[in-house]
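Results of the structural survey
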Amino acid sequence: MMSDFIFVCEYCHYLRSIHEVSPLCPRCRKMTLYYPKISFDFRTLLDSLSWETANGIWAFSSLLPPIKEHLSLGEGFTPLQKFRQLFSDLDILFYIKKENLNPTGSFRDRAAAIMVSHALSLGYSKILCASDGNLGASIAAYASAAGMQATCVVPSNILLGKYAQISAYGAKISEIKGTLQQAIQDGFQRCLNSDYYPATAEHNFLSIEGQKTISFELYIQMKSLVQDDLRKLGLVIPLGSGSLMFSVMKGFLELKEMNVINTLPHIFGVHLTKSHESVQTAIFEPHDNFALMPLEKIQSPYFEQSLKQLPQFSGTLVEVSHDEVLKTSKDVARSEGLFIEPASAIVIAAIPKILNNKYYKENMPLIGIITSSGLKSQNLTEQTFNQGKIDATFLLKRHSSIKFKILEFLDDHPGSHGYFIWKHIGKGKITRQAVYQHLKELEEKKWISRSTTTANGRKIAVFRLTKKGHTLLKLIKEL
Ligand SMILES: [Zn+2]
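Fair warning: this is a prediction, and the values are worked out from it, not measured in the lab. (Residues numbered from 1 in each chain as written. Predicted model: local features only at pLDDT ≥ 70, side-chain atom pairs only at ≥ 80, totals over all residues.)

Observations concerning the overall build of the protein
Tallying secondary structure elements over the protein gives 19 helices and 16 strands in all. Looking at the protein alone, contacts between residues at least 24 apart form 67% of all its contacts between residues at least 6 apart. (Helix = DSSP H or I, 4+ residues; strand = E, 2+ residues; numbered from the N terminus. Contact = placed C-beta atoms within 7 Å.)

This is the structure:
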């Protein structure tokens with residue numbers, strides 16, 4: 001049974017066809033969201049749904065826009081994990097929905113499954129998205145399975161693990177010297193009047209359609225525990241750009257529209273203390289700690305929408321500090337066997353605060369949505385090297401990086417002096433001063449060490465790799 005899907009522009013009420021992919025409304029030229037109108041019997045779907053053999057998000061295809069191709073890498077149907085240790089003294093029921101178990105390690109696979117399928121259905125061979133990591137990896141993976149060429153526009157502060165992941169799937173990476181917002185704008189411009197399918201989440205409403213399937217699964221997973229009364233349930237969701245929160249809200253609102261549920265769950269949207277102003281203005285402050293996803297000014301159509309809808313969910317915003325999140329991400333790995341991206345730990349760090357919130361009722365099961373795996377995060381390298389920010393550009397553009405060549409050279413020729421190094425790897429390409437500058441920076445990062453030796457009666461500085469430098473070099477070569 002096909003659902004009745006009509007996309008309506010919220011500004012001019014233009015009825016949009018599923019075949020139109022431009023992010024702008026064809027009539028009023030505004031960037032806009034579209035609301036499908038659905039009429040469907042969800043319970044019929046439930047009767048035939050098999051959690052074990054489901055074809056990813058397409059198990060809910062009757063609740064998704066009618067798209068011919070159904071590409072899946074097995075996304076969705078992620079399990080819940082009940083916490084055993086971390087909050088054992090609080091007497092609460094806390095679960096997480098493990099979106100980190102999706103094919104590329106994040107909830108964005110749900111969005112990629114539908115957008116890449118859509119692109120395939122329309123005959124595109126090229127797809128482009130702007131992202132600071134998770135969506136880029138998802139689009140890259142799904143495009144590779146679809147035989148399409150993906151291009152990811154990324155900001156220069158992208159996390160190392162995510163950069164590596166995108167390039168592993170064979171996507172072209174276009175690095176913008178700027179913020180995520182600038183990458184999004186760049187991606188937007190490139191998609192206009194070109195043969196790229198636009199897959200940036202902020203510019204493609206289908207991303208929401210894919211991600212809303214989280215709610216359908218949550219309903220199935222929790223309905224017996226809350227006896228179908230969703231008011232007994234609390235969902236804890238990172239606010240971020242609003243994309244995930246808006247998607248989850250949309251899923252539950254659709255269930256309500258279909259009379260599957262009569263009540264809505266509570267939603268606690270969690271954000272960092274420092275991004276407090278963003279709540280009013282949708283402007284994120286940049287943050288200098290690399291371990292969390294940098295919060296930037298992102299113009300997301302979903303941000304304001306999700307805040308607007310929050311009262312409908314008897315919901316509220318909860319803020320946690322940067323330090324609380326970092327501590328939690330370590331605690332959760334050590335007490336629940338869960339290695340997640342630090343940014344994902346935001347929902348867990350919020351739990352003690354939610355217990356004091358007026359919307360929290362005793363014995364209310366809480367579910368935090370974990371968005372992404374720790375394996376993607378630069379934090380992994382941070383823990384290995386116990387140092388400050390590693391410059392991803394340096395690490396990953398290793399073939400053209402002079403620093404990388406210096407490390408490699410010193411590995412083969414320990415105890416070399418600056419001139420010798422320049423003569424072998426820099427001469428004709430860069431100045432001696434530049435080599436000395438690189439050596440100084442490598443020394444500051446404690447990847448090489450300096451000692452003094454005497455040659456021809458003269459004291460000269462010689463360099464060799466530190467233990468940390470050796471490990472780093474090994475890691476870069478393995479990437
Ligand atoms: Zn319009």
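Considerations on the pairing of strand S7 (residues 149–155)
Counting buried residues along S7, six of its seven residues qualify, which places the element largely inside the surrounding structure. Relative to S7, strand S6 (residues 126–130) runs parallel, the two sharing five bridges. Bridge pairing links Ile127 to Ala150 in S7. Remark: the S6/helix H3 (residues 134–146)/S7 crossover connection has right-handed handedness. Direction of pairing for S7 relative to strand S8 (residues 172–176): parallel, over a ladder of five bridges. In the sheet register, Thr151 faces S8, and the bridge partner there is Lys172. (Buried ≥ 20, exposed ≤ 12 C-beta atoms within 10 Å, placed from the backbone. Pairing = 2+ DSSP bridges. Right-handed = clockwise from strand over helix to strand, strands pointing away.)

Comments concerning the nonpolar core
Counting 102 residues, the largest nonpolar core has Val116, Ile127, Ile139, Val236, Ile237, Val270 and Ala350 as the members making the most contacts within it. Among the elements that make up this core, the one with the highest residue count is helix H2 (residues 108–121) (eight residues). Ignoring anything within four residues of it in the chain, the contact list for Ile237 reads Leu244, Met245, Val248, Ile267, Gly269, Val270, Val347 and Ile369. Ile406, Leu410, Leu442 and Trp447 belong to the second-largest nonpolar core, a separate cluster that totals 13 residues. (Core = buried A, V, L, I, M, F, W, Y, C linked by C-beta atoms within 7 Å.)

Remarks on the environment of Glu52
With respect to the helices and strands, the residue Glu52 is situated in the loop between helix H1 (42–48) and strand S4 (80–82). C-alpha separation for the pair Glu52 and Phe77, spaced 25 residues apart in sequence, amounts to 8.5 Å.

Here's the deal with the packing of helix H8 (residues 243–257) against helix H10 (residues 301–309)
Their axes nearest at 8 Å, the elements H8 and H10 cross at an angle of 50 degrees. Between H8 and H10, the interaxial angle falls into the category oblique. Seen along the crossing, H8 lies across H10 with a hand that is left-handed. From H8, Ser243, Met245, Phe246 and Met249 reach across to H10, where they touch Tyr302, Gln305, Ser306 and Gln309. Partitioning the contact of H8 with H10 into residue classes produces four nonpolar, four polar and no charged. (Axes fitted to C-alpha atoms, helices over the stretch in contact; angles between N-to-C directions. Parallel < 35°, antiparallel > 145°, perpendicular 65-115°, else oblique. Left-handed = near helix turned anticlockwise from the far one by under 90°. Nonpolar A, V, L, I, M, F, W, Y, C, P; charged D, E, K, R; others polar.)

A closer look at H8
Think of an α-helix as turning once every 3.6 residues; residues three or four places apart then point the same way. Between its first and last C-alpha atoms H8 spans 21 Å; for 15 residues at 1.5 Å apiece the expected length is 21 Å, and the two agree. In terms of burial, H8 is a largely internal element, 12 of the 15 residues being buried. (Expected span 1.5 Å × (residues − 1).)

Quick word on the sheet that holds S7
Sheets are built from strands that pair by backbone hydrogen bonding, the pairs being arranged parallel or antiparallel. Judged by pairing direction, the sheet is parallel, and its four strands sit side by side in the order S8-S7-S6-S9 without closing on themselves. Strand pairing shows two members of the sheet lacking a second neighbour, S8 and strand S9 (196–198), which therefore form its edges. Neighbour to neighbour, the strand axes of the sheet diverge by 25 degrees on average, direction disregarded. Of the strands in this sheet, S6 and S7 touch H3, which is tilted by about 170 degrees from S7.

Points about the environment of Pro79
Along the chain, Pro79 turns up in the loop between H1 and S4. According to the C-beta neighbour criterion, Pro79 is exposed, with 12 such atoms within 10 Å. As a C-alpha pair, Pro79 and Glu99 span 20 residues in sequence and 8.2 Å in three-dimensional space.

A few points about helix H7 (residues 213–222)
Along H7, eight of the 10 residues are buried, which leaves the element largely enclosed by surrounding structure. For H7, every residue scored as buried is listed here: Thr213, Ile214, Ser215, Phe216, Glu217, Leu218, Tyr219 and Met222. Each element contacted by the buried residues of H7 is listed here: strand S5 (94–98), H2, helix H6 (206–211), H8 and strand S13 (366–370).

Section: the packing of H2 against H3
Two elements in contact, H2 and H3, have axes whose closest approach is 9 Å; the angle formed by their N-to-C orientations is 40 degrees. The orientation of H2 with respect to H3, classified from their angle, is oblique. The two elements H2 and H3 cross, and the hand of that crossing is right-handed. Every residue of H3 that contacts H2 at Arg108, Asp109, Ala111, Ala112, Ala113, Val116 and Leu120 is listed here: Asn134, Leu135, Ser138, Ile139, Ala141, Tyr142, Ala143 and Ala146.

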